[in-house]
Structures are given as structure tokens and as C-alpha cells.
Amino acid sequence: MINSLRGFRDLLPPESDLFTRIEAAAREVFGLYGYQELRVPTLEKKELFVKSTGDTTDIVEKEMYAFTDGGGREVAMRPEGTPGVVRAYIEHNLGQTGRNGKFFYIGSMFRAERPQAGRYREFTQIGAEHIGNPSPAADAESISMLVRLLEKAGVAGCSVVINSLGCAECRKAYREILLGYLRGRAEKLCEPCRGRIERNPLRALDCKTDGPWLAQEAPKLSLCPACETHFSATQRLLGAAGVAYQVNTSLVRGLDYYTNTVFEVRSSALGSQDAVCGGGRYDDLVKSMGGPAAPAIGWAVGVDRMAMLLKDKPAPDSAPKTFIVAASKEAGDKAFALVTAMRAAGISSDFSNFELSLKSQMRSADKSGATFALIIGEDELKAGTCAVKSLKEHGEQKTVPLPDAPSTIQQLLKASSEKPPNP
Ligand code: HAM
């Protein structure tokens, strides 16, 4: 017996249905906001993530599935979606040839983190990137689309937290102030932070060990007038869009490319892994990766975490409407044609094994949760008909000619959906 790897899981029904529902809600919302799907590879050159996500980030330093392939190439399984989208944007000149710079993706990401509830080594993200628009309206649109998606998918009780990390200039000044502060407190810092304060002092603010006390005690970043204006315009527009949010100046995010607005959506119902979504502006990334100057903003939601929040909500009924049963091998051929005709008419239908006894096939019909069983016994075979039996209500069985079966079922389903519910 070979089991799956730790942190890599099988998504079984009904949880897999939740993923499908969330993805369908996302596609609908993306359509409303003019986003188009971009499918980028799962495996990329390792260098792509080192340069974009950042070589001092936990994701790249500790969590990346990176290896040398058979051809001696240094490659990595994508730990996040943004670098691949930016690479594709540059490689295919999407700024010139694309419609509006708005892209979404849905797919697996890989991070070798310690697995726990809500944290996996392969997990699914739905991400949205808007490249080429510097306006605060793009920030407010991106965040309000995210809130719309959560609502559409049925996820409630989340809070939106935002902050501004300023531009490269604001950060350059802050870096020096923070570096001086951290050098003076090196003995208080954890080992990894001490090792990287010179390379990236800002990383300490995001450290799980040192972040909390630094948030209270370390000097805060002050925004230049342009960044201040951008951040207050973003907040004004979020208000206009009716999005509730909180400003939290301790929010720093664990990836290197962010500038200006950053945000997270959190849910206290998730326990320690409470981030449902993370995102922000990355105005300098496209250029630093060899592309044109193209300010951008985006986010990614964790679908595994969204599914955890939806677990107790009733799923729409996925049971087939009809289940076809046959009494003999010959009747089985007719029954198989009937299943095909029902599906062609848009009625979900199933069957088990026409070679088994009628009793056994009826047991499978009950287990399937189907609304009706369509039975072709010896008499029906001779008459070219089938018997329609309700599996939900006691009532008379009726017999219909085989060609009329799809329309009869459509009428019965319509009538039962219009019936008022039982008091
Ligand atoms: P991130 O905050 O690293 O951002 O990840 C986004 C979301 O992915 C998290 O909020 C969480 O829901 C989910 N997630 C992350 N790691 C795991 C895990 N090990 N298991 C389950 N879920 C996980 C990014 O990835 C950026 N690319 C977001 C972005 C897009 N920023 C700009 N554009």
C-alpha cells in the first residue's frame, strides 16, 4: 500500500464539490470585472521565484520545492502565482497585445511548510492580477472584487485588513531607521532574523517570532506625500464601494515585491492559519523582471481555507434526477439508450450494472439519491415503454413510451419544483 505524501491530500467528495462551487463563483465574478484566465506552468525556472518572491523570504529560503532536473536545470514548483503571471505578461508582451491587463488563475501551489489544519504542501489558490494601472481605483476595485467573490461563494464573517508599505523611496528611508533600531537589539532577535537584518531588515517585521513585539515597539514607516495621497484615495474609494475594512500598520506581508497598498482577509473561524487571502500592489516588479514599467495590484485566496469555512453549508443537490434499471440483458441495451437520451435532454441520469438483479439495481437507485427510477422490465421491453417510479414520494407508478420519457421527466421535475414545500 502506497500512501500519499504528507501535506499532499486527495480531495474527496463532498469537499471536492465545494472547490468546484468556489471556482464557479470566482469565474462568474471575474467575468463581471473583465478578468481573463491565464494558465501558466506549475514548474518554472527557480530563478524566477528567487528574483520576484525574494531570496530572503521564507517561501524561497525554506519552503520551495526546488530541484535540478535531468537536464541539469534548476527548477521549482511554483509556490505562488504572481511570478508566473508577470513572466508571461513580459514574455508575451501582454501590455501591448492584451485587452486590459486583468488576469486570473486557478491552480495548485507548492510550499514545503509544516502541515497542519488549513496548511498543506500542495494547496489551491484563486488569484487575480491587474497589471498596468497605477490608480487608487484599481486598488479599490481589486479589493472590492475580492469581497464580492467571498460573498458570492457564501463565505461570511471575514475581515479585511489593509496597510500601505509606501514606495521604494519611503522604504529606503525607513530601511535605514529600522536597521539602526534592529542592530541595537540584535540580541533580542531570533537566529534567522539576526542573520538577515543586514540583507533585509524589513523581513523581521513579518517574522512569526519577532514580528509581534516589533509591531508594538519598532519605529513605524512614514509615507511620502504621494503614497499618503494614494492610500487615502484607496480608502475613500473602498468606502464608496461599501467595503468594510480596518487599517493595521503592522501588516507587512511575507513577500518582497509589495509597494503601497497591501491587504489580507482573515477569518477567526480558521484558527491559527487565519488568512483566507493576501495581496497588494507591486508597482516595481514587472520592470525589475525585465518588462516595461507597469504598476500592478493583485491577490490570491486559499481555496482550501475557503472550503473549510463552507464545510457546514448545505451543498446543492448533486444526486442524479433519474436512475435507469433493466430486468434483462436485452432490456439493458434499451436502458443504455435511454440513459443516453435522458442525458442528451439535459437530465442528469445514472445506472449501475444492467446484468445484476432488479432488486440490487433498485438498491443502487435508492443509494444514488435519484428522484425517479426508470425501469425497463420484460413487459416494458415488449411494449417499448418504461415504468417511472418516484423514489422520493409514495405514489403510483406510471408507464410511458420510451421516446416520451425525457419530456415526461422534465414535466414531473417542473411540477415538483413548483409544489409548495410540505408544512
Ligand atoms: P500569500 O499570502 O502567500 O500570497 O498566499 C495567499 C493565500 O494562499 C493565503 O492567504 C492562504 O489562504 C493561501 N495559502 C498560502 N499558503 C498556504 C498553505 N500552505 N496551505 C493552504 N493555503 C495556503 C500570495 O501567494 C501572493 N501571490 C498573493 C498576491 C497576488 N499578491 C499579489 N498578487
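Above: the structure in question.
Residues numbered from 1 in each chain as written. Predicted model: local features only at pLDDT ≥ 70, side-chain atom pairs only at ≥ 80, totals over all residues. Heavy atoms only, no water.

## Observations regarding the overall build of the protein chain
Tallying secondary structure elements over the protein chain gives 16 helices and 16 strands in all. Taking 2.2 N^0.38 as the reference for a compact globule, 423 residues should give roughly 22 Å; the C-alpha atoms of the protein chain span a radius of gyration of 28 Å, well beyond that estimate. Its C-alpha atoms give the protein chain principal-axis dimensions of roughly 90 × 50 × 45 Å. Per-residue burial over the protein chain gives 48% buried out of 423 residues. For the protein chain, long-range pairs separated by at least 24 residues make up 69% of all intrachain contacts whose partners lie at least 6 apart in sequence. About 21100 Å² of surface is accessible on the protein chain, with carbon and sulfur atoms providing 52% of the total. Within the protein chain, one finds 53 positive and 51 negative side-chain charges whose respective centroids are separated by 2 Å. (Helix = DSSP H or I, 4+ residues; strand = E, 2+ residues; numbered from the N terminus. Rg over C-alpha atoms; globule rule 2.2 N^0.38 Å. Buried < 20%, exposed > 50% of the residue type's maximum accessible area, 1.4 Å probe, protein only. Contact = heavy atoms within 4.5 Å. Areas by Shrake-Rupley, 256 points an atom, 1.4 Å probe, with all protein chains shown as cover. Lys, Arg positive; Asp, Glu negative; His and termini not counted. Charge placed at Lys NZ, Arg CZ, Asp CG, Glu CD.)

## A closer look at the packing of aromatic side chains
Within a pair of aromatic rings, the relevant descriptors are the distance that separates the centres and the angle that separates the planes. All chains considered together, the criterion is met by 10 aromatic pairs. Arranged with centres 6.3 Å apart and planes meeting at 75°, the rings of tyrosine 89 and phenylalanine 103 form a pair that is edge-to-face. Pair noted here: tyrosine 89 is in helix 4 (residues 82-91) and phenylalanine 103 is in strand 5 (residues 102-110), with a separation of 14 residues, a long-range link. Each member of the pair, tyrosine 89 as well as phenylalanine 103, carries the same accessibility label: buried. Linked through ring pairs, Phe30, Tyr35, Phe104 and Trp299 together constitute an aromatic cluster. The ring of tyrosine 120 has arginine 9 lying over it, and the distance from NZ or CZ to the ring centre is 4.0 Å. (Phe/Tyr/Trp six-rings, centres within 6.5 Å; stacked < 30°, edge-to-face > 60°. Lys NZ or Arg CZ within 6 Å of the ring centre and 35° of its normal.)

## Some details on the sheet that holds strand 4 (residues 74-77)
An order of 2-4-3 is seen for the 3 strands of this open sheet, with the pairing classed as antiparallel. Looking at strand neighbours, the two that pair on one side only are strand 2 (43-45) and strand 3 (66-68), the edges of this open sheet. Going across the sheet, the axis of each strand differs from the next one's by a mean of 35°, ignoring polarity. Looking at chain direction, strand 3 and strand 4 are connected through 3 bridges and run antiparallel. The residue of strand 4 that forms the bridge with phenylalanine 67 is valine 75. (Pairing = 2+ DSSP bridges. Axes fitted to C-alpha atoms, helices over the stretch in contact; angles between N-to-C directions.)

## Here we look at the pairing of strand 7 (residues 159-164)
Counting buried residues along strand 7, 5 of its 6 residues qualify, which places the element largely inside the surrounding structure. In terms of strand pairing, strand 7 meets strand 9 (residues 259-266) through 6 bridges, oriented antiparallel. What sits directly across from isoleucine 162, in strand 9, is phenylalanine 263.

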